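Architecture and fold: a report
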Amino acid sequence: MDYKVEAIDEHTWMIEEYDEAVSCYMYLLEGSEKALLIDTGMGQIPLGEIVEGLTKLPVEVLNTHAHIDHIGGNSLFEKVYLHEKEREVYRLHSGGFHNYFPQYAYHAARDNIIWYTGEPEMDLGGRCLQILLTPGHSEGSVCILDKERKWLFSGDTCCKAAVLLALDFSETVAVYRQSLQKLLEYKDDYVLTWPGHHSVPVVPEIIEQFRDAADLLLAGKERGENQKTQFGESLLFRYKDIMIDYREDRLR
Ligand SMILES: [Zn+2]
Ligand SMILES: [Zn+2]
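As a starting point, this report considers the structure included with it. (Residues numbered from 1 in each chain as written. Chains lettered and ligands numbered in written order. Predicted model: local features only at pLDDT ≥ 70, side-chain atom pairs only at ≥ 80, totals over all residues. Heavy atoms only, no water.)

Residues of helix α1 (residues 47-54) that are buried include every one of Leu47, Ile50 and Val51, and no others. Angular distribution of buried residues about the axis of α1 spans 95°; they occupy a single face of the element. Exposed residues lying more than 90 degrees from the buried face of α1 are Glu49, Glu52 and Gly53. The inward-facing, buried residues of α1 contact β1 (2-9), β2 (12-18), β3 (23-30), β4 (35-38) and β5 (59-62). (Buried < 20%, exposed > 50% of the residue type's maximum accessible area, 1.4 Å probe, protein only. Helix = DSSP H or I, 4+ residues; strand = E, 2+ residues; numbered from the N terminus. Arc of directions from axis to C-beta. Contact = heavy atoms within 4.5 Å.)

Structural data, given as structure tokens:
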């Protein structure tokens, strides 16, 4: 896979790892004492060297969730924060799940995960981040609020595309809707969102679209179209700029 680095500001970078099949965004946030790398992609690029070329500070990693396209480079780092609700997903995705992507090199997981609970704050030195637990796409998916800059790093929870709720370990549409409501309660705290895939950055109005779409599904006013993907059968509901991929038996 190839990669691109783009400076968002003097202390923040977006790293894109991509090929014709996949494109993943990682974000490096620098404070005055340490730096945080949000996600590690598929693990197919020299991420350790790339990050060292951008910051001289010690780098810790936080995964927005434990899917294989967000944890692939974890073994390159000493300290990786993951929400404890992602334990089972991590076990699966850091193990045999690479069979889904035989074209990519596989890095065995190692004992570098710090499992945290709740919604801790992280201080990088003059740069405070608030972790928000937003179950839906997976049980322990999180979004990260960068308070001073008014940014929300949203992982796979709110891309300008489909949210996948039909995966193993996804939550119901109703639970996802609660997470959207939580993000909307913080809406004065961010003016842009930075997702894990697709368009970047994305305006926060996208979160309202997901909430409204979830409401229509939960009220029985709309229903998605049947579809079959590599992950199995599901329903795809298209609404304005976004889509919800879900299962009929996993609405509530
Ligand atoms: Zn994911
Ligand atoms: Zn992803």
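Moving on, we come to the coordination of the zinc ion (ligand 1). The coordination sphere of the zinc ion (ligand 1), as far as protein atoms go, consists of His65 (NE2), His67 (ND1), His137 (NE2) and Asp156 (OD), spread over 2.1 to 2.3 Å. What the four donor atoms of the zinc ion (ligand 1) show is an angle range of 90 to 174° at the metal, which sorts the shape as irregular. Mapping the donors of the zinc ion (ligand 1) onto the primary sequence gives the spacing H-x1-H-x69-H-x18-D. The metal-metal distance between the zinc ion (ligand 1) and the zinc ion (ligand 2) is 3.5 Å, with Asp156 serving as a donor to both. (Donors = N, O, S within 2.8 Å, 3.2 Å for Na, K, Ca; no water. Tetrahedral: all angles 85-135°; square planar, octahedral: opposite > 155°, others 65-115°.)

Here we come to the coordination of the zinc ion (ligand 2). Note on the zinc ion (ligand 2): its protein donors are Asp69 (OD), His70 (NE2), Asp156 (OD) and His197 (NE2). The metal-donor distances range over 2.1 to 2.2 Å. Given four donor atoms and angles of 85 to 154° at the metal, the environment of the zinc ion (ligand 2) is assigned as irregular. Positions of the donor residues of the zinc ion (ligand 2), expressed as sequence spacing, correspond to D-H-x85-D-x40-H.

Attention now moves to the pattern of salt bridges. Going through the model one piece at a time under the given rule, you end up with 14 salt bridges. When salt bridges that share partners are traced, they join Lys34, Glu60 and Lys79 into one network. (Salt bridge = Lys/Arg side-chain N within 4 Å of Asp/Glu carboxyl O.)

Attention shifts here to the nonpolar core. In terms of nonpolar packing, the biggest core is built from 28 residues, with Leu152, Cys158, Leu183, Ile207, Phe210, Ile244 and Tyr246 touching the most fellow members. Elements represented by at least two residues in this core include exactly β10 (142-146), α4 (173-185), α5 (205-218), β15 (232-239) and β16 (242-246). The residues touching Ile244, leaving out its near neighbours within four places in the chain, are Val163, Leu165, Phe210, Ala213, Ala214, Leu217, Leu235, Leu236 and Phe237. Counting residues in each nonpolar core, the second largest holds 20 residues, with Trp13, Ala35, Ile50 and Phe77 among its members. (Core = buried A, V, L, I, M, F, W, Y, C linked by side-chain atoms within 4.5 Å.)

Glancing now at the sheet that holds β5. Pairing is mixed across the open sheet formed by seven strands, whose spatial order is β1-β2-β3-β4-β5-β6-β7. The sheet is open, and its two edges are formed by β1 and β7 (113-116), each paired on a single side. Ignoring which end each strand starts from, the neighbouring axes of this sheet average 25° apart. Two strands pair when backbone bridges link them, and β4 and β5 are joined in this way by four bridges, in the parallel orientation. (Pairing = 2+ DSSP bridges. Axes fitted to C-alpha atoms, helices over the stretch in contact; angles between N-to-C directions.)

Moving on: the side chain of Thr55. Note that Thr55 resides in the loop between α1 and β5. Judged by its relative accessible area of 4%, Thr55 falls in the buried class. Each residue touching Thr55, except ones within four places of it in the same chain, is listed here: Leu28, Glu30 and Ala35.

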